[in-house]
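# What the coordinates show
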Amino acid sequence: MFSSELTPKAQQTRSRIRDAAIASFIERGYPDTTIRLIATEAGVSVGNAYYYFPSKTHLVQELYEQVQSDHARIAVPQLEGVTGLIDRLRIVFETGLADLEPYRKVAPGFLSAMIAPESPINPLSRESSPSRDLTVGLIRRAIDGAEHRIPDDIASRMPDALFVLYLGLVLRWTYDDRQDHRRTQRLLDTALRLFSVALPFLRMPGIRGVTRDLLDQIAEVRA
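A few points on the structure. Note that this is a predicted model, so its numbers are computed, not measured.

## Considering the pattern of salt bridges
Following the criterion strictly, the structure yields 13 salt bridges and no others. Note that Asp19 and Arg18 form a salt bridge whose closest N and O atoms lie 3.4 Å from each other. Taking the shortest distance from any N to any O, the salt bridge between Arg157 and Asp216 comes out at 2.9 Å. With Arg157 in the loop between α8 (152–155) and α9 (158–174) and Asp216 in helix α11 (residues 205–219), the pair connects residues that are 59 residues apart, well separated along the chain. For Asp216, a relative accessible area of 29% corresponds to the partly exposed category. The network of salt bridges with common partners includes Arg14, Arg18, Asp19 and Glu62.

Spelled out as structure tokens, the structure:
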């Protein structure tokens, strides 16, 4: 049910349920958050909670969209005035990880639930496309606003492929037991250095074709 179709009172009820769910996800994690618990904390009946959100999956998608919207809100101002492609991509990835920090304690529980390819809360699933599109759009904004000489057919393919690689970075972050996330930062630094070295060669015909095929294959993992 789209919130725009609801009366103001119904929108308030929906927002209370959504906010209670997100707070519980942060505090308890995915496995220990139930619709009954969410309904209790939102002050509504279980039936009312199901009316607005037919499943816990729908509430997770609300969480995803909030996280990605917050990510864009943090990243976009930092992109202003930055023209280097590598620098702009670093901003997107680093702000994305910083935005996930409140969920660090419960991240493994979400990962266990989302890792199956058929899981509706898998970030690459069809159900997750609205939130995924927000992040892909942010990556595209970082690329389009940069000064670079990447061929158009490569630049247009990069956002979807880089989103998949970003998920790999998030996976590393999830299991990075260092307080300063040093291992995750080192992986990001190495990947960006490698990308920087590769950039001048992307206009060469042989490398251009292989790169195009590689980006397509990486992006194909999404549903």
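Still to come is the rest of the account.
## Focus: the packing of aromatic side chains
In total, this model carries 5 aromatic pairs according to the counting rule given. Relative to Phe110, the ring of Tyr30 lies with its centre 5.7 Å away and its plane at 50°, an arrangement referred to as tilted. Of this pair, Tyr30 sits in the loop between α1 (8–28) and α2 (35–42) while Phe110 sits in helix α6 (residues 107–114), and the two are 80 residues apart along the sequence. When its relative accessible area of 15% is taken as the criterion, Tyr30 is described as buried. Among the aromatic residues, those joined into a cluster by ring pairs are Phe25, Tyr30 and Phe110. Seen from the ring of Tyr30, Lys56 lies directly overhead, with NZ or CZ sitting 4.0 Å from the centre.

Rules and cut-offs
- Residues numbered from 1 in each chain as written.
- Predicted model: local features only at pLDDT ≥ 70, side-chain atom pairs only at ≥ 80, totals over all residues.
- Heavy atoms only, no water.
- Salt bridge = Lys/Arg side-chain N within 4 Å of Asp/Glu carboxyl O.
- Helix = DSSP H or I, 4+ residues; strand = E, 2+ residues; numbered from the N terminus.
- Buried < 20%, exposed > 50% of the residue type's maximum accessible area, 1.4 Å probe, protein only.
- Phe/Tyr/Trp six-rings, centres within 6.5 Å; stacked < 30°, edge-to-face > 60°.
- Lys NZ or Arg CZ within 6 Å of the ring centre and 35° of its normal.

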